[in-house]
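What follows is the residue order along each chain.
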Amino acid sequence: METTKFTNFLKKYGYWVILALAFVLLITIIALSVNSNKLELKDATPTQPVSVEEVSFAMPVQSTSVTKEYSNSALQYNKTLNLWQSHKALDFAAEEGTDVYAVLDGKISEVTYSYLMGNVVKLNVGNGMVVVYASLQNDIPVKVGDVVKKGDVIGKVGNTAKSEASDGAHLHLEVWLDDQNVDPSLYLDLEQK
Ligand SMILES: [Zn+2]
């Protein structure tokens, strides 16, 4: 009889059948919740460009002495390298060891050293914007993954960028928006102190 066979099957393997069904159900629930999480994240972080009016940086150093302006195409003389080049950053002259501040709330995304840029800290402030601090002193008080508040100390002014060594101690500040280099002074009130 078919029913007896089925009953016997259930008696023998019923436990496994229920377990398998429960497992499939669990996987489905997990898959659904992961998917809905993704959707929520997508909605919560639109990748619209940051409008200049809405973003106001804290000063990155207590110095409004900009020694080298931003230039996207115009060439400026680099006396260290003895050549003319564009300077897609702002340089602030400051004493060696001067505190360097987070311009906005964000997360430290990179702490690196390179010969030309010296010690570099990258601060991801969200909405596709990354702020790059270069030529910092060796002892960096933050590490990758640290969450910082606007105004927190994230480094100290040094003279470690070999490409700008003749300029003396200074902060080299870059702003990247959706992987495009933009002028940091757009977000700074350089009249204030
Ligand atoms: Zn510079």
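The sections below set out a description of the structure shown in this document. Note that the coordinates shown come from a computational prediction; the quantities given were computed from them, not determined experimentally.

## Here we look at the environment of Thr 67
- Along the polypeptide, Thr 67 turns up in strand E1 (residues 66-68).
- In sequence terms Thr 67 and Phe 92 are 25 residues apart; their C-alpha atoms lie 5.7 Å from each other.
- Leave out the neighbours within four places in its chain, and Thr 67 touches Asp 91, Phe 92 and Ala 93.

## So, a nonpolar patch on the surface
- Residues Phe 6, Phe 9, Leu 10, Tyr 13, Tyr 15, Trp 16, Val 17, Leu 19 and Leu 21 make up a contiguous nonpolar surface patch of roughly 960 Å² in combined accessible area.
- Relative to the helices and strands, Trp 16 is located in helix H1 (residues 2-44).
- Using a relative accessible area of 55% as the deciding quantity, one classes Trp 16 as exposed.

## Re the side chain of Asn 119
- Tracing the backbone through its elements, the reader meets Asn 119 in strand E7 (residues 118-126).
- For Asn 119, a relative accessible area of 8% corresponds to the buried category.
- Excluding anything up to four places from it in sequence, Asn 119 contacts Thr 112, Tyr 113, Tyr 133, Ala 134, Ser 135, Leu 136, Gln 137, Asn 138, Ile 140 and Thr 160.

Calculation criteria
Residues numbered from 1 in each chain as written. Predicted model: local features only at pLDDT ≥ 70, side-chain atom pairs only at ≥ 80, totals over all residues. Heavy atoms only, no water. Helix = DSSP H or I, 4+ residues; strand = E, 2+ residues; numbered from the N terminus. Contact = heavy atoms within 4.5 Å. Patch = residues over 30% accessible without salt bridge, like charges linked within 9 Å, V, L, I, M, F, W, Y side chains within 5 Å. Areas by Shrake-Rupley, 256 points an atom, 1.4 Å probe, with all protein chains shown as cover. Salt bridge = Lys/Arg side-chain N within 4 Å of Asp/Glu carboxyl O. Buried < 20%, exposed > 50% of the residue type's maximum accessible area, 1.4 Å probe, protein only.

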